[in-house]
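The residues making up each chain are set out below.
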Amino acid sequence: MDHPFLNPYLDSVGAPSFQTGCNFATGGATILPANAGARNPFSFNIQVAQFARFKARVLQLLAEDKKLEKYLPSEDYFKQGLYMLDVGQNDLDGAFNSKTEDQVMAFIPTILSQFEAGIQRLYNEGARNFWIHNTGPLGCIARIIATFGTDSSKLDQVGCVRSHNSAANNFNLRLHDLCTNFQDQFPDVNVTYVDIFSVKLDLIANYSQYGFKEPLAACCGYGGPPLNFDNRVACGETKNLSGSTVSATPCNNTAEYVNWDGNHYTEALFGIEGEYATTLKYLGCI
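The model shown is predicted, which means the values in this text are computed figures rather than measured ones. (Residues numbered from 1 in each chain as written. Predicted model: local features only at pLDDT ≥ 70, side-chain atom pairs only at ≥ 80, totals over all residues. Heavy atoms only, no water.)

*Asks:* Before we go on, may I ask you to explain helix α4 (residues 101–124) in this structure?
*Replies:* Residues spaced three or four apart along an α-helix face the same direction, because each turn holds 3.6 residues. For α4, spanning 24 residues, the distance from its first C-alpha to its last is 35 Å, which sits close to the expected 34 Å at 1.5 Å a residue. Taking the largest bend as the criterion, α4 deviates by roughly 30 degrees, centred on F107, and proline P109 comes between one and four positions later. Among the residues of α4, those classed as buried are V104, M105, I108, I111, L112, F115, G118, I119, L122 and Y123. Packed against the buried residues of α4 are α1 (44–64), β1 (82–86), α3 (89–95), β2 (129–133) and α6 (162–185). (Helix = DSSP H or I, 4+ residues; strand = E, 2+ residues; numbered from the N terminus. Expected span 1.5 Å × (residues − 1). Bend = angle between axes of the 7 residues up to and from the residue. Buried < 20%, exposed > 50% of the residue type's maximum accessible area, 1.4 Å probe, protein only. Contact = heavy atoms within 4.5 Å.)

*Asks:* Is there a simple way to explain the layout of surface pockets in this structure?
*Replies:* Taking a probe equal in size to a water molecule and rolling it over the atoms shows the remaining empty space. Of the pockets and cavities examined, the second largest pocket occupies roughly 270 Å³. Along the wall of the second largest pocket there are 14 residues; nearest its centre are S12, F18, R57, L61 and L72. Counted by class, the lining of the second largest pocket contains 10 nonpolar, two polar and two charged residues. (1 Å grid on protein atoms, 1.4 Å probe; cavity = no way out; pocket = protein on both sides within 12 Å on 5 of 7 lines; lining within 4 Å. Points joined across faces, edges and corners; volume = space filled by probe spheres on them. Nonpolar A, V, L, I, M, F, W, Y, C, P; charged D, E, K, R; others polar.)

*Asks:* I tried to follow the packing of aromatic side chains on my own but got confused; where do I start?
*Replies:* Each aromatic ring pair is summarised here by two numbers: the centre-to-centre distance and the angle between the ring planes. Tallied over the entire structure, the rule returns 15 aromatic pairs. Aromatic side chains F44 and F115 sit 5.4 Å apart centroid to centroid with 25 degrees between the ring planes, which places their arrangement in the stacked category. Within this pair, whereas F44 is found in helix α1, its partner F115 is found in helix α4, the two being separated by 71 residues in sequence. For F44, a relative accessible area of 7% puts it in the buried group. (Phe/Tyr/Trp six-rings, centres within 6.5 Å; stacked < 30°, edge-to-face > 60°.)

*Asks:* In this structure, what is going on with the pairing of strand β6 (residues 244–247)? I would like to understand it.
*Replies:* The side chains of a regular strand alternate, first on one face of the sheet and then on the other. As judged from the four bridges shared by strand β5 (residues 238–241) and β6, these two strands associate in the antiparallel manner. Paired with L241 across the bridge in β6 is S244. With antiparallel pairing between neighbouring strands as the criterion, β5 and β6 make up a hairpin whose turn holds two residues, including S242 at a positive phi of roughly 55 degrees. (Pairing = 2+ DSSP bridges.)

*Asks:* What's the story with the confidence of the model for the protein chain in this structure? I'm lost.
*Replies:* Should the pLDDT be low somewhere, the predicted coordinates at that spot are not to be read in detail. Residues of the protein chain with pLDDT of at least 70 account for 94%, and the chain-wide mean is 91. Predicted confidence is poor over residues 275–286, with pLDDT under 50, and the contacts of this stretch with residues over four places away or in other chains come to 27 contacts. (pLDDT = per-residue confidence, 0-100.)

*Asks:* Looking at this model, I keep getting lost on the sheet that holds strand β3 (residues 190–194). Mind explaining?
*Replies:* Remark on secondary structure: sheet strands pair via backbone hydrogen bonds, oriented parallel or antiparallel. Reading across from one edge, β1-β2-β3 is the order of the three strands in this open sheet, with parallel pairing throughout. Every interior strand has two partners, whereas the edge strands, β1 and β3, have only one. Strand-to-strand, the axes of this sheet are offset by a mean angle of 15 degrees, without reference to chain direction. Inspection of the sheet shows β1 paired to β2 by five bridges, in the parallel sense. Directly across from Y83, in β2, lies its bridge partner F130. Against the sheet, α4 touches β1 and β2, its axis set at about 155 degrees to β2. (Axes fitted to C-alpha atoms, helices over the stretch in contact; angles between N-to-C directions.)

*Asks:* What should I look at first to understand the state of the cysteines in this one?
*Replies:* As used here, a disulfide is simply a covalent bond connecting the sulfur atoms of two cysteines. Counted according to the given criterion, the structure contains three disulfides. Disulfide pairing places C140 opposite C160 at an S-S distance of 2.0 Å. As the torsion about the S-S bond is roughly 100 degrees, the C140-C160 disulfide counts as right-handed. Of the two residues, C140 is situated in the loop between β2 and α5 (142–148) and C160 in the loop between α5 and α6; the sequence distance between them amounts to 20 residues. The class of C160 is buried, set by a relative accessible area of 0%. Linked covalently through their sulfurs, C220 and C235 form a disulfide whose S-S length is 2.0 Å. Classification of the bridge connecting C220 and C235 rests on its S-S torsion, roughly 90 degrees, and on that basis the disulfide is right-handed. Of this pair, C220 sits in the loop between β4 (214–218) and β5 while C235 is found in the loop between β4 and β5, placing the two residues 15 residues apart along the sequence. (Disulfide = S-S within 2.5 Å.)

Given below as structure tokens:
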């Protein structure tokens, strides 16, 4: 779309431009409020609070100095802007560390109630256009397969962990219902629900049709086939394992891999996924 990436809210020192928007997302964040043991303190409720602070501060600064208009969005932008949210995977991922599949399923409404409260607050702050990604096929990530898929009976025909993908599907069905109900409750809202799960699963299941050679293995990892992933050695690290020095290094051609480091996808996949987005933006509850 020929627009620059949005500058992050947490990098506000100096004079970054927020004229076209602001990024509040942080890696590893959850919908549920972070606790003392959380890897990331900036959960969704904190991000929404940061947005409210951002908006109030922007309007205050613009009232004091019109010259700041070249750095900050005008008041109209807050209503006209597109609020993009990609949610759910970190909550489900964390839940499986301490819960059974049935317990995770029962926990999903609690997660989504927090999400609903967050978008309700965004609405109260003037947001009217929402672009909401559902969560992807968690069970197809190399780290998840290495941890929960050692028993082949727990894998589906693609090689993904069945329980994690079932939970993701359950989450997505409920998220879609939430989007539909939110749209019905507020007729002046435009909610676009984007089925990221189906896009990514199709790219993994039919990887060769899209030019990939490895649908599940990590490009940057250690251990070799089938997953090239070892929890003890993260991408880029060199460690001593059982008296031997080993390194998790990148593959020669990232364009052949769907997965980058056992947790995240390669840029090659996101390039194809971006082409999907033009066809997906009209799906769901609008």
